[in-house]
Amino acid sequence: MQASLPASALHTLRLPAPAKLNRLLNIVGQRVDGYHELQTLFQLIDLCDTLTFTLRHDGQLELRDGLTDISSEDNLVMRAARLLRNATGCSLGAQLTIEDKRLPMGGGLGGGSSNAATTLVGLNQLWQLGLSFDQLAELGLRLGADVPVFIHGTSAWAEGVGERLTPVTLETPWFVVIHPGVSVSTPEVFKDPQLTRNTPPITMARALQGGASAWRNDCEAVVTRAYPPIAAAMEWLEGFAETRLTGTGACIFAGFNSQAIAVDVANQALQHWPAWVAKGLNRSPLHVALGD
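What counts and how
Residues numbered from 1 in each chain as written. Predicted model: local features only at pLDDT ≥ 70, side-chain atom pairs only at ≥ 80, totals over all residues. Heavy atoms only, no water. Salt bridge = Lys/Arg side-chain N within 4 Å of Asp/Glu carboxyl O. Buried < 20%, exposed > 50% of the residue type's maximum accessible area, 1.4 Å probe, protein only. Helix = DSSP H or I, 4+ residues; strand = E, 2+ residues; numbered from the N terminus. Expected span 1.5 Å × (residues − 1). Contact = heavy atoms within 4.5 Å. Polar contact = N/O pair within 3.5 Å; in protein donor to acceptor, adjacent residues only side chain to side chain. Phe/Tyr/Trp six-rings, centres within 6.5 Å; stacked < 30°, edge-to-face > 60°. Lys NZ or Arg CZ within 6 Å of the ring centre and 35° of its normal. Arc of directions from axis to C-beta. Axes fitted to C-alpha atoms, helices over the stretch in contact; angles between N-to-C directions. Left-handed = near helix turned anticlockwise from the far one by under 90°. Nonpolar A, V, L, I, M, F, W, Y, C, P; charged D, E, K, R; others polar. Pairing = 2+ DSSP bridges. pLDDT = per-residue confidence, 0-100.

Focus: the pattern of salt bridges
Two side chains of opposite charge can pair, provided their charged atoms sit close to one another.
So, point 1. The tally for this structure, following the rule as stated, stands at 13 salt bridges.
So, point 2. A salt bridge links Arg 64 to Glu 62; the nearest nitrogen and oxygen atoms lie 3.7 Å apart.
So, point 3. Since its relative accessible area comes to 48%, Arg 64 is described here as partly exposed.
So, point 4. Arg 244 is the partner of Glu 242 in a salt bridge, and the nearest nitrogen-oxygen pair spans 3.1 Å.
So, point 5. Taken together, the shared-partner salt bridges in this structure form one network comprising Arg 56, Asp 58, Glu 62 and Arg 64.

Next up, the structure:
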């Protein structure tokens, strides 16, 4: 079960929603329902959105997000709140605020999924529902395959569509993350006839033993061909360190052992693209904030 916060803390919660990187992404098959079978390594990083949840006793759910590209009713934060309330029969409401939006939409960093996960975990606390992380992850899977990893809050080896998780401990370098300024259509990537769909499955142990130098992203060739700005950014970052696409992009990343070097590379990148320095993590800042 989740750790419980004291009652005095349960009027308003301010919680982080961290990003993730796909350190490895193998596509090992395609199911009859069209979904792809994956093997991936999720690593959490300390680049976060910040969400605030304030208790309402009138049963109303209100979202303040400042986003213009998506309606509040379609936002994953609102969808997660409604899902949790409908699943539990809770009669309470909440003011939901995306207070600090740092994770780019459609960047492959899992921002929407992480926001949904933080909403499920936060409202479970605020409404004192007592659901376990396993129960919340089962609900979260209805919203997206990446939501459970953020709920469980550890870096993980994932299989299936990304929902079968095994916690892992990964190296935690400093990362430079670059957004090349384009939006990638994930459905279009997975529909591309040239997408690799038959990478031989490997065991988690073999993947971890191979290390970062052996990791790859099967979406990379399709994405860089279809989106020249991503290819250009990758070529630039490759001049400093081995570079990968995260998810289907658009963000790319490279790891560095030194924060100072990562900051220097990011400052150079900022002359061309939005860029961030982020620390690799194995435990989610969300869980740290909850004292879990």
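Anyway, onward from the coordinates.
Section: helix 1 (residues 76-88)
So, point 1. With 13 residues, helix 1 extends 18 Å between its outermost C-alpha atoms, agreeing within 8% with the 18 Å of an ideal straight helix rising 1.5 Å per residue.
So, point 2. Looking only at helix 1, the buried set comprises Leu 76, Val 77, Met 78, Ala 80, Ala 81, Leu 83 and Leu 84.
So, point 3. Buried-residue contacts for helix 1 involve strand 2 (36-56), strand 3 (61-64), strand 4 (93-100), helix 2 (111-126) and helix 3 (133-140).
So, point 4. The backbone nitrogen of Val 77 lies 2.8 Å from a side-chain oxygen of the residue at the head of helix 1, namely Asn 75.
So, point 5. At the exit of helix 1 stands Gly 89, carrying a positive phi of roughly 75°.

Focus on the packing of aromatic side chains
So, point 1. The full count for this structure, using the stated rule, is 3 aromatic pairs.
So, point 2. Arranged with centres 5.8 Å apart and planes meeting at 80°, the rings of Phe 175 and Phe 253 form a pair that is edge-to-face. Remark: Phe 253 occurs in strand 9 (residues 252-256) and Phe 175 occurs in strand 7 (residues 174-178); sequence separation between them is 78 residues.
So, point 3. On the basis of relative accessibility, which here comes to 1%, the residue Phe 175 falls in the buried class.
So, point 4. Between Trp 236 and Phe 240, the ring centres sit 4.8 Å apart and the planes meet at 50°, which makes this aromatic pair tilted.
So, point 5. Trp 236 gets classed as partly exposed once you look at its relative accessible area, which sits at 23%.
So, point 6. Members of the aromatic cluster, connected to one another through ring pairs, are Trp 236, Phe 240 and Trp 273.
So, point 7. Sitting over the face of the ring of Trp 174, Lys 279 holds its NZ or CZ atom 5.5 Å from the ring centroid.

Describing helix 3
So, point 1. When we look at burial in helix 3, the residues that qualify are Phe 133, Leu 136, Ala 137, Leu 139 and Gly 140. One face of helix 3 carries all of its buried residues, which in axial projection span an arc of 160°. Along helix 3, exposed side chains directed more than 90 degrees from the buried face belong to Asp 134 and Glu 138.
So, point 2. The secondary structure elements touched by the buried residues of helix 3 are helix 1, helix 2, helix 4 (147-152) and helix 10 (285-290).

Quick word on the side chain of Asp 49
So, point 1. The topology assignment puts Asp 49 in strand 2.
So, point 2. Only 2.7 Å separates the side chain of Asp 49 from the side chain of Lys 101, close enough to count as a polar contact.
So, point 3. There is a polar contact of 3.1 Å between the side chain of Asp 49 and the side chain of Asn 115.
So, point 4. Asp 49 has contacts with Leu 15, Pro 16, Ala 17, Asp 100, Lys 101, Arg 102, Leu 103, Gly 111 and Asn 115, leaving out every residue within four places of it along the chain.

Notes on the packing of helix 1 against helix 2
So, point 1. Taken N-terminus to C-terminus, the directions of helix 1 and helix 2 make an angle of 35°; their axes are 8 Å apart at the nearest point. You can see that helix 1 and helix 2 cross each other, and the crossing is right-handed. In contact with Leu 76, Val 77, Ala 80, Ala 81 and Leu 84 of helix 1, helix 2 contributes Gly 112, Ser 113, Asn 115, Ala 116, Thr 119, Leu 120, Leu 123 and Asn 124.
So, point 2. Of the residues assigned to the contact of helix 1 with helix 2, the class counts are 8 nonpolar, 5 polar and no charged.

Here's the deal with the pairing of strand 10 (residues 275-281)
So, point 1. Extensive coverage of strand 10 is indicated by the burial of 6 of its 7 residues.
So, point 2. Where strand 2 and strand 10 come together, 2 bridges link them in antiparallel fashion. Residue Ile 45 lies in a different strand from strand 10, and its bridge partner there is Gly 280.
So, point 3. Relative to strand 10, strand 7 runs antiparallel, the two sharing 5 bridges. Looking at strand 10, one finds that Trp 174 is bridged to Lys 279.

Looking at the side chain of Asn 115
So, point 1. Tracing the backbone shows Asn 115 in helix 2.
So, point 2. Sequence-distant contacts of Asn 115, defined by excluding residues within four places in its chain, comprise Ala 17, Asp 49, Leu 51, Val 77, Ile 98 and Lys 101.

What about the confidence of the model for the protein chain?
So, point 1. Confidence along the protein chain averages 93 in pLDDT terms, with 95% of residues attaining 70 or more.
So, point 2. pLDDT under 50 marks residues 1-9. Its contacts with residues more than four places away, or in other chains, come to 19 contacts.

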